Amino acid sequence: MAGFRSIFASLVCISYWFGFTSSYAIGYPSSLFTFQQIFQKPGRISLGSFDFSWGLSKRPAESIVPTGLEDWIQQQRKASFKYLLDNIAPSGSNAKEAAPGVVIASPSKKSPNYFYMWVRDAAITMGDVIEAYEKNGDETLKSIIESYTDLQGTLQNTFNPSGGYTTGGLGEPKFQVDGAPFTENWARPQRDGPALRALALMRYVRTLNESDPSAIDRDWLRKVYDGKLPTNSIIKADLEYISHSWNITGFDLWEEVKDLHFFTAIVQRKALVEGRDLAVALGDSAAANWYESQQLELKKFLESSFWNKERGHLVAFLDTRAHYRTGIDCGLLLGSLHGGQEDLFPPWSDQILASLAELVADMAERYPINKYTTPFYPEEEDRLRGVGIGRYPEDSEGHPWFLCTSSVSNILYNSIEQFVKQGHFDINDTNLRFFSKLHPNGKAVQGRYHLGDPWFRKYLVDMFKYADSFLNVIRWHATVDGRLSEQFSRHSGFQRGAEQLTWSHGSYIGAATDRDAAREGLLKSGVVA
């Protein structure tokens, strides 16, 4: 491989980037003073500390959270973070065979074999680790992130069935745990991985800039963003790949359909927005202009292509009829959580809430296990009972997935936080079905509801209960020691699929963490005493 790379390097300028050099002129990184002023840290931290001693001191009233549920949610968050780290090399107990920085999807090696590193899953998981490092600055976590960063540069330069560094190889979905390419037939390319990787590493750059700017020396910065074309840096390579290929079809996150996909497009757009800001901060102004032009085009595409007015919900990909699909899909919720921004399909947007209502209503009737009353969470009103959520309705042999079930909670917690923050929410034609689910008689009234109004409180308190009820479904199907597989049976409720799926734990952590913010908003605003 070393010999191949030395030859490959000499060909870079006449390949993929050759057609792009006329797109803009490249600047070079400026001083870190400019960087520190422009590229700011995210507004809030959303993961507890590595020593597991986190959580808000104030607890909601027992009328909102049933006895015992609060303690379980916090215990499971600690367990899930431990299990998540178990799947990351070199220190993870399940990843001893893997190269440093590898995030295995699952320790399962047969029926199914998930003992690989998916670029998408690894990037999402590393985002959780980076959030934890933001919270406590633990050097063990920093070492994990640095190993991951170094590995990504190696993987980008590893020739694989999707191509080479400048010929499409960045769209390769998964690798062997030793970093070697996976050469068997697969659903490739998958174009969400580079976007999610860029988002994770840009967050890490922001975190270091805020907490340990001395760590960002010139050599380290050039490794992640060198401001050159052709580039030899991780983030910029991903941004170039995204900005020149977002309108080319690829496979979805379920690795089944080749098309243009909501999940892929929305995380690509977010990466370009943040990439634009990074390029500005580092003096790469022409690249910033290019990323800006492409994110605007991508935003127009997202706004005009995925909302199905006739059906009243978003669709996961464009040509749903060719695949006999309605287009309703858990990937819509995941896309909003990982790629939604305030100006484009955030979790609290009318279109996302409408799509959530459609998905939940279908799953409630589809899976026999959802007909049972969930233990631990006795409810007088069935309207607030959570259910297990699968990938999409037409998944004929499908079962509920832990990560899809927790994604519903996460959307709801994010919505509560935002509605409290802005002091109002609107009920309209688009989201009416969602709010009618929360209304005691199933008939929500359209209009604007303000903080201080009795119905504002009623809706948000019930939304919090509803969100908690989906976490309670996970509580029912988790093992006593908090293990979460890929799925649980649609019939018996027992866990199935890949054991200890990393994304199952990461998705739960995200929901439990955003629950803290929603809960704090309800308490501080006086909605809950």
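Residue numbering note: each chain is counted from 1, following its sequence as written. Only residues with pLDDT of at least 70 are given local features in this predicted model, and only at 80 or more are side-chain atom pairs given and counted; all residues enter the totals for whole chains, interfaces and linings. Derived side-chain values reflect all non-hydrogen atoms in the structure, with water molecules and hydrogen atoms excluded from consideration.

## Remarks on the overall build of the chain
The following threshold applies: Here a strand is any run of E in DSSP of at least two residues, a helix any run of H or I of at least four, and the numbering for each starts at the N terminus. Only heavy atoms matter for contacts: two residues are in contact if any of them lie within 4.5 Å across the pair. For the accessible areas, the method is Shrake-Rupley and the probe is 1.4 Å, while residue cover comes only from the protein chains on display.
The secondary structure content of the chain amounts to 16 helices and 10 strands. When contacts within the chain are restricted to residue pairs at least 6 apart in sequence, long-range pairs at least 24 apart make up 70% of them. Of the accessible surface of the chain, which amounts to about 20200 Å², a share of 51% is contributed by carbon and sulfur atoms.

## Some thoughts on the packing of helix H4 (residues 119-136) against helix H16 (residues 502-524)
Under the convention used in this document: Between N-to-C directions, angles cover 0 to 180 degrees, with each direction set by a line fitted to C-alpha atoms, over the stretch in contact for helices. In this scheme the crossing of two helices becomes right-handed for a clockwise turn of the near helix relative to the far one and left-handed for an anticlockwise turn of less than a right angle. Polarity classes work like this: nonpolar for Ala, Val, Leu, Ile, Met, Phe, Trp, Tyr, Cys and Pro, charged for Asp, Glu, Lys and Arg, and polar for all others, with Gly in that last group.
The N-to-C vectors of H4 and H16 enclose an angle of 35 degrees; their axes lie 10 Å apart at closest approach. Every pair of crossing elements has a handedness; the one defined by H4 and H16 is left-handed. Residue-level inspection shows Arg120, Asp121, Ile124, Thr125 and Asp128 of H4 in contact with H16, the latter providing Thr502, Trp503 and Gly506. Of the residues belonging to the contact of H4 with H16, the class tally is two nonpolar, three polar and three charged.

## Re the packing of H4 against helix H6 (residues 193-211)
The condition that has to hold: Between 65 and 115 degrees an angle is taken as roughly perpendicular, under 35 as roughly parallel, over 145 as roughly antiparallel, and anywhere else as oblique.
In the contact formed by H4 and H6, the axes pass within 8 Å of each other and the chain directions differ by 15 degrees. In terms of axis orientation, H4 runs roughly parallel to H6. You can see that H4 and H6 cross each other, and the crossing is left-handed. Taken together, the residues of H6 that come into contact with H4 (itself represented by Val119, Arg120, Ala123, Ile124, Gly127, Ile130, Glu131, Tyr133 and Glu134) are Gly193, Leu196, Arg197, Ala200, Arg203, Tyr204, Thr207, Leu208 and Ser211. For the contact of H4 with H6, the per-class residue count stands at nine nonpolar, four polar and five charged.

## Details of the nonpolar core
Selection rule: Throughout this description, the term nonpolar core refers to a set of buried Ala, Val, Leu, Ile, Met, Phe, Trp, Tyr and Cys residues connected via side-chain atoms within 4.5 Å. Exposure classes here rest on a 1.4 Å probe applied to the protein chains alone. A residue is buried below 20% of its type maximum, exposed above 50%, and partly exposed in between.
Tyr225, Ile235 and Phe435 are the most contacted members of the largest nonpolar core, which has 149 residues in total. Considering each element in turn, this core owes the most residues, 12 residues, to helix H15 (residues 454-477). Beyond its immediate chain neighbours, meaning those up to four positions away, isoleucine 235 contacts Ala198, Leu201, Met202, Val205, Val224, Tyr225 and Leu278.

## Notes on the side chain of arginine 391
Stated formally: Contacts described as polar in this section are N or O atom pairs within 3.5 Å, which, within protein, must combine one atom able to donate a hydrogen with one able to accept it, while residues neighboring in sequence count only if both atoms come from side chains.
Tracing the sequence through the fold places arginine 391 in the loop between helix H12 (350-366) and helix H13 (402-422). Relative accessible area serves as the criterion here: at 10%, arginine 391 is assigned to the buried category. A polar atom in the side chain of arginine 391 sits 3.0 Å from the side chain of aspartate 395. When sequence neighbours within four positions are dropped, the list of residues in contact with arginine 391 reads Trp254, Glu256, Asp329, Cys330, Met363, Trp401 and Cys404.

## Here we look at the state of the cysteines
Quick reminder of the rule: When two cysteine sulfur atoms lie within 2.5 Å, the pair is treated as a disulfide.
By the definition in use, this model includes one disulfide. Paired by a disulfide, cysteine 330 and cysteine 404 hold their sulfur atoms 2.4 Å apart. Handedness of the cysteine 330-cysteine 404 disulfide follows from its S-S torsion of about -105 degrees: it is left-handed. Placement of cysteine 330 in helix H11 (residues 330-339) and of cysteine 404 in helix H13 is noted, with a sequence separation of 74 residues between them. Accessibility expressed as a relative area gives 0% for cysteine 404, which makes it buried.

## Observations concerning the pattern of salt bridges
What counts, and what does not: Whenever a carboxyl oxygen of Asp or Glu lies within 4 Å of a side-chain nitrogen of Lys or Arg, that contact is scored as a salt bridge.
Counting across every chain of the model gives 36 salt bridges. Across the pair lysine 223 and glutamate 146 runs a salt bridge, and its minimum N-O distance is 3.9 Å. In this pair, lysine 223 is assigned in helix H7 (residues 218-224) and glutamate 146 in helix H5 (residues 139-156), connecting sequence segments 77 residues apart. Under the relative-accessibility criterion, lysine 223 is labelled partly exposed at 26%. Across the pair aspartate 362 and arginine 366 runs a salt bridge whose closest N-O atoms are separated by 2.7 Å. Highlighted residues: aspartate 362 and arginine 366, both in helix H12, separated by four residues, approximately one helical turn. Linked by salt bridges that have partners in common, Glu70, Arg77, Asp468, Arg515, Asp516 and Arg519 make up one network.

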